[in-house]
Amino acid sequence: MDRKVRVLVAKPGLDGHDRGAKIIARALRDSGYEVIYTGIRQTPDMIAEAALQEDVDVVGLSILSGAHMALVPRVIEKLKELGMEDVVVLVGGIIPDEDVQTLLDMGVAGVFGPGTLTSEIVETIENALGRQPA
Amino acid sequence: MTNTDLTTVEGLTQALEAGNRRALARVISHIENNTDLALPLLAALYPRSGKAHIIGVTGAPGAGKSTLVNQLAGVYRQRNLTVGVIAIDPTSPFSGGALLGDRVRMRDLAGDPGVFIRSMATRGSLGGLAQATADVIMVLDAAGFDRIIIETVGVGQSEVEIASAAYTTLVVEAPGMGDEVQAIKAGILEIADIFAVNKADREGVDRTVMALKMMLNLGVPEKFQVMHHGRMLPVNLPETEKLPQGWTPPVLKTVAISGEGAEELTEAIENHRLYLEQSGGRILRDRLRAATELRMIMRDYLLETLLARTDAAVLEEMVEAVARREIDPYTAVRHFVNEKAV
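Below: a short report on this structure. (Residues numbered from 1 in each chain as written. Chains lettered and ligands numbered in written order. Predicted model: local features only at pLDDT ≥ 70, side-chain atom pairs only at ≥ 80, totals over all residues.)

If you tally the helices and strands in chain A, you get five helices and five strands. Listing the helices and strands of chain A from first to last along the sequence gives β-α-β-α-β-α-β-α-β-α. Relative to the 2.2 N^0.38 estimate, which gives 14 Å for 134 residues, the radius of gyration of chain A is 13 Å and therefore close to what a compact globule would have. Dimensions of chain A, computed from the C-alpha atoms along their principal axes, are close to 40 × 35 × 25 Å. Counting only residues that meet the buried cut, chain A has 48% of its 134 residues in that class. Taking all contacts inside chain A whose residues are at least 6 apart in sequence as the whole, residues at least 24 apart take part in 69%. (Helix = DSSP H or I, 4+ residues; strand = E, 2+ residues; numbered from the N terminus. Rg over C-alpha atoms; globule rule 2.2 N^0.38 Å. Buried ≥ 20, exposed ≤ 12 C-beta atoms within 10 Å, placed from the backbone. Contact = placed C-beta atoms within 7 Å.)

Here it is, written out as structure tokens:
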């Protein structure tokens, strides 16, 4: 067995600020994950289909446009439609405090704002996958 | 979405045959992770493979491989052929992680049910492919894709494994990456069935095309690769079974970002496919691949068997002894082979 955790990092929506997503992708790579980076302007359909083809364990969504309350539920719904309800969904970016709980209630495993340590993200992933943090 | 059982070999293979993409993705993961289901899945699917045309795309980092694959797959889709893509990027030797970024350049293909893209990390393999590439190609083939395109990692000069995995190997070059001497060095240039000089809107493109054509005119090798590159595993064929001559690799100009030349490039790939089929070259390549594959699996199997019956403590002692230069590594190995082989 040579199990590697696979993570899709995607930027749904129309803002083109992908620095955060790239930094996270790089940090997760350095934590030993296989990160599939899909880039900017992804629709929920594209993200869910990529998650399916790549058979990822985790989908990380980077959203800075303020459209998270519209985009995140659609991604989660699409993943369910494709039979990927067990995928861990994480959200990063600029998310107002009052929206965080709503996102968690939708099934998002973690919401991360600016200044989050990579170790926090890794811990959330490992816990959600039921593994011991490395 | 269905009540198909995607946890068993039977369920997975049936769903895969029915075109279930989730099943296909799961099967690939089992094989990549070498789970308990991997071998039974390979055994079940192998007889269904062998129909696809397999195209390797290789070249230096930044030459435009991903963008070109995006264009090629697009042309094939216009021709109503389905396309499986395997895009390989390197695993970090330090963290074991990988950043697989080829999908960024393939977004035109998103949402098309006739395309399936899978990114793979090399996981320690050095020949430009991932460990399980050959098996994943077979799975996509068994899943019924008409064309399978493999994009290697960005290569240097000697990562030529792709040539034994693909029927048609496309080497992507870009202007300004070397002179005539680079072009006659051994290595990846020798494995090309087709050359694409990408970024042909840039200065120096004619010089690159000229250098490649001159190299080709200097002589076509007398026999097709009978060595599995990088593995030192010669495959000896009787004189009569050498690959037929008669294919000179065309050198084509492309601008992958705009799609210029993609149609012509696809045409060249299809010509090569026909050439292989009509000349018997495809059958020969299949046989070469089978010979190589069997030897590699034997080697892996022998290694595992030998390690399994070797006392870990003794092995550790031997490692120390070799590191201290008390014994040379060859004699050390012979110790393990001979000790219990009788």
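Here the narrative resumes.
Before going further, it helps to spend a moment on the pairing of strand β5 (residues 147–151) of chain B. The side chains of a regular strand alternate between the sheet's two faces. All names here are of chain B. When you tally the buried positions in β5, you get five out of five residues, the bulk of the element. Residues Arg-147, Ile-149 and Glu-151 line one face of β5 and the alternating positions Ile-148 and Ile-150 line the opposite face, and both faces are buried. As defined by bridge partners, strand β1 (residues 53–59) adjoins β5 across five bridges and the pair is classed as parallel. Following the sheet pairing, Val-57 is matched in β5 by Glu-151. Two elements, strand β2 (residues 83–89) and β5, share five bridges in a ladder whose sense is parallel. Note that in β5 the partner of Ala-87 across the bridge is Glu-151. (Pairing = 2+ DSSP bridges.)

The next point concerns the packing of helix α1 (residues 9–17) of chain B against helix α2 (residues 21–32) of chain B. How two helices pack is summed up by the angle between their axes together with the distance between the axes. Residue and element names in this part refer to chain B. Contact geometry for α1 and α2: axes closest at 7 Å, N-to-C directions at 130 degrees. Considering their axes alone, α1 and α2 lie oblique with respect to each other. Read as a crossing pair, α1 and α2 show a hand that is left-handed. Packed against α1, whose contacting residues are Leu-12, Ala-15 and Leu-16, the element α2 presents Ala-23, Leu-24, Arg-26 and Val-27 at the interface. Considering only residue class, the contact of α1 with α2 consists of six nonpolar, no polar and one charged. (Axes fitted to C-alpha atoms, helices over the stretch in contact; angles between N-to-C directions. Parallel < 35°, antiparallel > 145°, perpendicular 65-115°, else oblique. Left-handed = near helix turned anticlockwise from the far one by under 90°. Nonpolar A, V, L, I, M, F, W, Y, C, P; charged D, E, K, R; others polar.)

Looking now at the pairing of strand β3 (residues 58–63) of chain A. Residue and element names in this part refer to chain A. Taking burial as the measure, the six residues of β3 include six buried ones, the bulk of the element. In β3, alternate side chains face the same way, and those of Val-58, Gly-60 and Ser-62 on one face and Val-59, Leu-61 and Ile-63 on the other are all buried. Bridge analysis of strand β1 (residues 6–12) against β3 gives four bridges, and the strand direction is parallel. Bridge pairing in β3 links Val-7 to Val-58.

Read from one edge to the other, the open sheet built from six strands follows the order β5(A)-β4(A)-β3(A)-β1(A)-β2(A)-β3(B), with strand pairing classed as parallel. Two strands close off the open sheet at either side, each with one partner strand: β5 (110–112) of chain A together with β3 (98–100) of chain B. Between one strand axis and the next, the sheet turns through 20 degrees on average, direction left out of account. Of the strand pairs in this sheet, β3 of chain A and strand β4 (residues 88–93) of chain A are connected by six bridges, and their pairing is parallel. Bridging from a neighbouring strand, Leu-61 of chain A pairs with Val-91 of chain A of β4 of chain A. Each of β1, β2 (34–42), β3 and β4 of chain A together with β3 of chain B is contacted by helix α1 (residues 19–30) of chain A, which is oriented at about 175 degrees to β1 of chain A, the strand it contacts most. Against the sheet, helix α2 (residues 44–54) of chain A makes contact with β1, β2 and β3 of chain A, and its axis sits at roughly 170 degrees relative to β1 of chain A, the strand it touches most.

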